Amino acid sequence: MPRPRKKRRRREVTRAPRSDAGLPEYDRSTVPEGLVTRRQLRDMGLSPGDNEGPVAILRCKLCATRPQWSCTHPTRGFLLRVDLAKPKRTPTLAQEWALDQAMAARQTCGECGRRFYICLSKKLGCCLECFDGTPADPSSLMTLPAPVTHRLAA
């Protein structure tokens, strides 16, 4: 016998009339030059920089059909100015080394010491081959250069 479904209450829509008091709102095809979203900034290789917050709102597709209401959906986007954006910072060699060490700790098996391209499960604490004998795919292993035994030229 199937269980009876519970009736869910419809979520109440909070509508706010569109006014000039808030940030200006633009539909997707009417955004002026010089305003972009954070994702568009990231694709351009820029960070928000001196932008102290959004200067406009990019309305979602649903709200494009309701011009008199303000867009309050979570899918709306916030627009930033491109002229205030700065180039992304590049990490130093020390930062890259620290990130590689952190990833090595997550990708190295604690029992056999092999490093994988994927992060290993914290729950198991080791690779599947050490845990239950499932053979590891050779293409998932990192091949590290052979350790240097001596540094003499002759």
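Calculation criteria
- Residues numbered from 1 in each chain as written.
- Predicted model: local features only at pLDDT ≥ 70, side-chain atom pairs only at ≥ 80, totals over all residues.
- Heavy atoms only, no water.
- Helix = DSSP H or I, 4+ residues; strand = E, 2+ residues; numbered from the N terminus.
- Buried < 20%, exposed > 50% of the residue type's maximum accessible area, 1.4 Å probe, protein only.
- Contact = heavy atoms within 4.5 Å.
- Areas by Shrake-Rupley, 256 points an atom, 1.4 Å probe, with all protein chains shown as cover.
- Salt bridge = Lys/Arg side-chain N within 4 Å of Asp/Glu carboxyl O.
- Pairing = 2+ DSSP bridges.
- Polar contact = N/O pair within 3.5 Å; in protein donor to acceptor, adjacent residues only side chain to side chain.
- Core = buried A, V, L, I, M, F, W, Y, C linked by side-chain atoms within 4.5 Å.

Student: Would you take a moment to explain the overall build of the chain for this structure?
Tutor: The number of helices and strands found in the chain is three helices and six strands. Traced from its N-terminal end to its C-terminal end, the chain shows the element sequence β-β-α-β-β-β-β-α-α. Counting the 154 residues in the chain, one finds 18% classified as buried. At a minimum sequence separation of 6, the contacts of the chain that also span at least 24 residues come to 58%. Working note: accessible area of the chain is about 13200 Å², and carbon and sulfur atoms make up 55% of it.

Student: Looking at this model, I keep getting lost on the pattern of salt bridges. Mind explaining?
Tutor: Side-chain pairs of opposite charge can arise whenever the charged atoms involved come near each other. Under the defined criterion, the tally for this structure stands at six salt bridges. In this structure, Arg59 and Asp27 form a salt bridge, with 3.1 Å as the shortest nitrogen-oxygen distance. Here Arg59 is found in the loop between β4 (56-58) and β5 (77-81), whereas its partner Asp27 is found in the loop between β1 (25-26) and β2 (35-36), with 32 residues between them in sequence. Looking at Arg59, the relative accessible area reads 1%, which means it is buried. In this structure, a network of salt bridges that share partners links the residues Glu25, Asp27 and Arg59.

Student: Where do I start with the sheet that holds β5 in this structure?
Tutor: Sheet strands pair via backbone hydrogen bonds, and the direction of the pair is either parallel or antiparallel. Across the sheet, which stays open at both edges, the four strands sit in the order β1-β4-β5-β2 with mixed pairing between neighbours. Of all the strands in the sheet, just β1 and β2 have a single pairing partner and so form its edges. Summarising the sheet, β2 and β5 pair through two bridges and their orientation is antiparallel. Bridge assignment links Val36 to a residue of β5, and that residue is Leu80.

Student: Whenever I open this one, the environment of Glu129 confuses me. Can you help?
Tutor: Relative to the helices and strands, Glu129 resides in helix α3 (residues 128-132). Residue classification places Glu129 among the partly exposed residues on the basis of a relative accessible area of 33%. Glu129 sits 17 residues away from Cys112 along the chain, and the two C-alpha atoms are 9.2 Å apart. The residues contacting Glu129, other than those within four sequence positions of it, are Arg114, Thr134, Pro135 and Ala136. Separated by 3.2 Å, the side chain of Glu129 and the backbone nitrogen of Ala136 make a polar contact.

Student: Is there a simple way to think about the nonpolar core in this case?
Tutor: Nonpolar side chains in soluble globular proteins tend to be buried together. Ranked by size, the top nonpolar core spans six residues in total: Cys109, Phe116, Leu120, Cys126, Cys127 and Leu141. The residues touching Leu141, leaving out its near neighbours within four places in the chain, are Arg114, Arg115, Phe116 and Tyr117. With five residues, the next largest nonpolar core counts Val36, Leu41, Leu80 and Ala85 among its residues.

Student: Help me out: how do you make sense of the side chain of Thr37 in this one?
Tutor: Inspection of the secondary structure puts Thr37 in the loop between β2 and α1 (38-43). Here Thr37 falls in the buried class, since its relative accessible area comes to 16%. With near-sequence residues (within four places) excluded, Thr37 lies in contact with Leu58, Phe78 and Leu79.

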